[in-house]
Each structure stands twice: as structure tokens, then as C-alpha cells.
Amino acid sequence: MTAAETPLLSVRNLVKRYPLGGGLFSSDRRVVHAVEDVSFDIARGETFGLVGESGSGKSTISRVVTRLEDPTSGEIRLEGTEIGSLSERALRPYRSRAQMIFQDPYSSLDPRMKAGAIIEEPMVVQGGFDRSQRARRVAELLDMVGLPASARDRYPNEFSGGQRQRIGIARAIALNPRLVVADEPVSALDVSIQAQVVNLLEDLQAELGLSYLFIAHDLAVVRHIAHRVAVLYLGRVMEIASSSQLYAAPRHPYTRALMEAAPLPDPVAEASRESAGIEGEIPSAVTPPPGCVFSTRCPLASAECRAAVPPLVEVEPGHRVACIKVAPGAAAPA
Ligand SMILES: Nc1ncnc2c1ncn2[C@@H]1O[C@H](COP(=O)(O)OP(=O)(O)O)[C@@H](O)[C@H]1O
Ligand SMILES: [Mg+2]
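Residues numbered from 1 in each chain as written. Chains lettered and ligands numbered in written order. Predicted model: local features only at pLDDT ≥ 70, side-chain atom pairs only at ≥ 80, totals over all residues.

## Structural notes on the site of ligand 1
Part 1: In the vicinity of ligand 1, the residues found are Tyr18, Val32, Ala34, Gly52, Ser54, Gly55, Ser56, Gly57, Lys58, Ser59, Thr60 and Ala285.
Part 2: Of all the secondary-structure elements, those providing two or more residues to the shell around ligand 1 are β2 (31-42) and α1 (58-65).
Part 3: Here the residues of the shell around ligand 1 are counted per class, giving four nonpolar, seven polar and one charged. (Near = placed C-beta within 6 Å. Helix = DSSP H or I, 4+ residues; strand = E, 2+ residues; numbered from the N terminus. Nonpolar A, V, L, I, M, F, W, Y, C, P; charged D, E, K, R; others polar.)

## Concerning the sheet that holds strand β7 (residues 179-183)
Part 1: Strand order across the open sheet formed by eight strands is β6-β7-β8-β3-β9-β10-β12-β11, with mixed pairing between neighbours. Each edge of the sheet is formed by a strand with only one pairing partner; in this case those strands are β6 (98-101) and β11 (313-316). Across the sheet, the axes of successive neighbouring strands diverge by a mean angle of 20 degrees, strand direction being ignored.
Part 2: Pairing geometry for strand β9 (residues 228-233) and strand β10 (residues 236-242), over six bridges, is antiparallel. (Pairing = 2+ DSSP bridges. Axes fitted to C-alpha atoms, helices over the stretch in contact; angles between N-to-C directions.)

## Re helix α9 (residues 253-261)
Part 1: By the burial criterion, the buried members of α9 are Pro253, Tyr254, Thr255, Ala257 and Leu258.
Part 2: On its buried side, α9 packs onto α7 (219-223), β9, β10 and α8 (243-248). (Buried ≥ 20, exposed ≤ 12 C-beta atoms within 10 Å, placed from the backbone. Contact = placed C-beta atoms within 7 Å.)

## What about the nonpolar core?
Part 1: Ranked by internal contacts, the top residues of the largest apolar core, which has 85 residues, are Leu213 and Phe214.
Part 2: If we ignore the near neighbours within four places in the chain, the residues touching Phe214 are Thr47, Phe48, Gly49, Ala182, Val222, Ile225 and Ala226. (Core = buried A, V, L, I, M, F, W, Y, C linked by C-beta atoms within 7 Å.)

## Looking at the sheet that holds β2
Part 1: Strand order in the open sheet made by the four strands is β2-β1-β4-β5, with antiparallel pairing throughout. Of all strands in the sheet, those bounded by a partner on one side alone are β2 and β5 (81-82).
Part 2: Where strand β1 (residues 9-19) lies against strand β4 (residues 73-78), five bridges are found, and the strand directions are antiparallel. Bridging across to β4, Arg12 finds its partner in Glu75.
Part 3: Taken strand by strand, α1 contacts β1, β2 and β4, and its axis lies near 115 degrees from that of β1.

## Concerning the environment of Pro93
Part 1: With respect to the secondary-structure elements, Pro93 resides in helix α2 (residues 88-95).
Part 2: Overall, the presence of 12 C-beta atoms within 10 Å leaves Pro93 in the exposed class.
Part 3: The spatial distance from the C-alpha of Pro93 to the C-alpha of Val65 is 15 Å, given a sequence separation of 28 residues.

## Quick word on the pairing of strand β3 (residues 47-51)
Part 1: Taken across its five residues, β3 has five buried, putting it largely inside the fold.
Part 2: Burial along β3 is two-sided: Thr47, Gly49 and Val51 facing one way and Phe48 and Leu50 facing the other are all buried.
Part 3: Pairing between β3 and β9: four bridges, direction parallel. Residue Leu50 lies in a different strand from β9, and its bridge partner there is Ala230.

## A few points about the environment of Val38
Part 1: Mapping Val38 onto the fold places it in strand β2.
Part 2: Val38 gets classed as buried once you count the C-beta atoms within 10 Å, which come to 25.
Part 3: Taking the C-alpha atoms as reference points, Val38 and Arg236, 198 residues apart in sequence, are found 6.1 Å from one another.

## A few points about the pairing of β10
Part 1: For β10, a buried count of six out of seven residues is recorded, marking the element as mostly surrounded by other parts of the structure.
Part 2: Adjacent in sequence and paired antiparallel, β9 and β10 are bridged by two residues, among which Leu234 carries a positive phi angle near 50 degrees.
Part 3: Where β10 and strand β12 (residues 319-321) come together, two bridges link them in antiparallel fashion. Note on β12: the bridge partner recorded for Glu239 is Val321.

## Some remarks on the environment of Val315
Part 1: Considering the arrangement of structural elements, one finds Val315 in strand β11.
Part 2: You can call Val315 partly exposed: it has 19 C-beta atoms within 10 Å.
Part 3: With residues up to four places along the chain from it excluded, the contact list for Val315 reads Arg251, Arg320, Val321 and Ala327.

## Regarding the packing of helix α5 (residues 161-173) against helix α6 (residues 191-208)
Part 1: Here α5 crosses α6 at 20 degrees, and the two axes come no closer than 10 Å. Between α5 and α6, the angle falls in the class roughly parallel. Judged by the twist between their axes, the crossing of α5 over α6 is right-handed. Contacts between α5 and α6 involve Gly161, Gly162, Gln165, Arg166, Ile169 and Ile173 from the first element and Ile193, Gln196, Val197, Leu200, Leu204 and Leu208 from the second.
Part 2: When the residues that make up the contact of α5 with α6 are grouped by side-chain class, the tally is seven nonpolar, four polar and one charged. (Parallel < 35°, antiparallel > 145°, perpendicular 65-115°, else oblique. Left-handed = near helix turned anticlockwise from the far one by under 90°.)

This is the structure we're talking about:
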């Protein structure tokens, strides 16, 4: 495989579990199944959307693939190098290649630091830049994210939410990453500001050739920005497809329910529609349902759905679905 064909990020069978009990000697052996057997690739220059309700494991995936946390098991390959098991020291050269934009630009920026110091911090941590190089890079980054040069001497509380997220973006791209993991980057912003920030991310991608792992809790947000989308439920991938395939013909009952739950663009239709979305609550990630984790809320579920975890089956090139009802796979449908 040539370098051009190697995915920028390749995640295989990723598992992340958190112990519920306190310390090492706690007798509580229960675990939170935050992420279970998740696999996906992100190509160079691609935007990969990751969508799921709150608690489905999105932020956990973002923290593990950027190695802010260790995986429980599975592989994380960044430009072909397995980084999932690297020690902190061995990881150092790879840190700059994958950077993160956080959901909440209010809590993710240190209120005591000026914007310039926030943006240059990754350069300070990495080392190798003198003061004037850092100052020049900060000026360049402010310009790239559409903030005035004077922003460098102001504190986070002097900026609006959208401007703060621009500061977070400037910091994320300061070290020329290849991958930017954006964990619900516009969820905390006013709807009127969201498109501006999404447009900025798209412009930066075109300019810098970035790949994005773009996380959102509803399908509408990633529809236009993502080339491909994975739908996550209770730590597992339910469906994965190109955006055009997914939005034209969603296959998994959960994806279909999420689409029905999305607000309709026409407010009159939205106000008068009968059902919205999915019955019941998301089960606990401590005791996920056996077999298909969506089976407890699925209109199509039967006993066989609870017997085994359904494999992701390819239903058309590039479109995979984990549901034995709509994608029975090798076994012929009864
Ligand atoms: N540090 C942690 N310790 C224990 N449980 C956690 C921790 N972080 C996340 N979880 C649990 O893992 C699951 C997935 O959480 P998260 O990745 O934050 O989901 P999302 O970002 O999709 O809302 C949830 O059940 C959450 O409570
Ligand atoms: Mg989250």
C-alpha cells in the first residue's frame, strides 16, 4: 500500500471501558462500556462525521484517538503508525499530528490567559520555536481564523462564543496537524453563528488539506460537512456510509429514527407531525442489552436480535449496516 492509499487514521476494534468502582482495590467490578468494537478509517483531506445521542461514546472516541486517554484495547493507526499502545515518550512526535477542538469554547479556554498565549501554548509545549517565531505564527493564525491582530492581547471573556471557538481552532492548527478532531464544535454556539464556524473549518480544510473527525449529536449538523458518516449508539457503530448514501437511504432502524427526530426544515410540518423519534430511554452503558444494543428500543426487534451482536454488513459499496433485519448478511433471509 502506498502512502497515498494509507488512511490518515485507521481505528480497529476500539474498546474503551471505565471502571465504575473507585480505586484499584474497590470490590466493584462493574464497568462502563463507553466504546465497544468500533472500527473506521479517515482518508487524507476527508471529513468523517460521527453522530450519536448523548452518552453514545463520541467524546470518548475523540479522547482516545488523540491519545488524551488510553484505549482499553484495539488499534489506532495514524499515518500508518500504531499509536494506541505507544508510551507518552514514544507518542511525543505524533502529538502534533492530531489535535482537538472542544465542544465548549467557554470552559476549554483558560480565562486567565490572553488569546495569544492560548494559541501559542502548543508551540511552547512542543518547543523549538523562539519568541519571535511564535509571535509571527500567532499573528498568522489569528488572520487565518478571521480574528483581528489585536485579539492576541485580550482575555477569553472579552470574546463572543463564536470568536472563542475561532481561538480554539487557531490553537488546534498551530502545529500544522494532519487530523483535527472536532468534538461538537458548534453545539454550544447560537444557531446563527454555527454556519460561520463550519464555513471556517471547511475553508481551513481546503487551504491546509486537513482531515476532520467531526462529531455531532444530530445528523443535520454533519450532513453538509461530512463526506462519510458513522452512526453510533451505546458505544457501537450502527451504520456507516457516505453522506449521500446515508441521507438518501438510511438503512438501520436507529438511523431512520434519528432522521425522523431531526427537526423538519418547514416549521408548519414540524409542528404538525405525529411521531418524533425513538421510544424509551437509552439503556445504561454499565449493563448494555445483549445482542444488538438497540434491540430494546427497536420497532423491528425480535428474539434473534438479542442472541448475538449483529455484524456490520456491506449493503452497497461503502455502506455498512449492523442489523440482521435489514442486512442479514451471508445468511439468507428467512
Ligand atoms: N471518565 C469517565 N468515567 C466513567 N464513565 C465515563 C467517563 N467518560 C465517559 N463515561 C461514560 O461513557 C459513556 C460515553 O460517554 P461520552 O463518550 O461522553 O458520550 P458522548 O460524547 O457521546 O455524549 C457514557 O455512559 C459516559 O457516562
Ligand atoms: Mg460528548
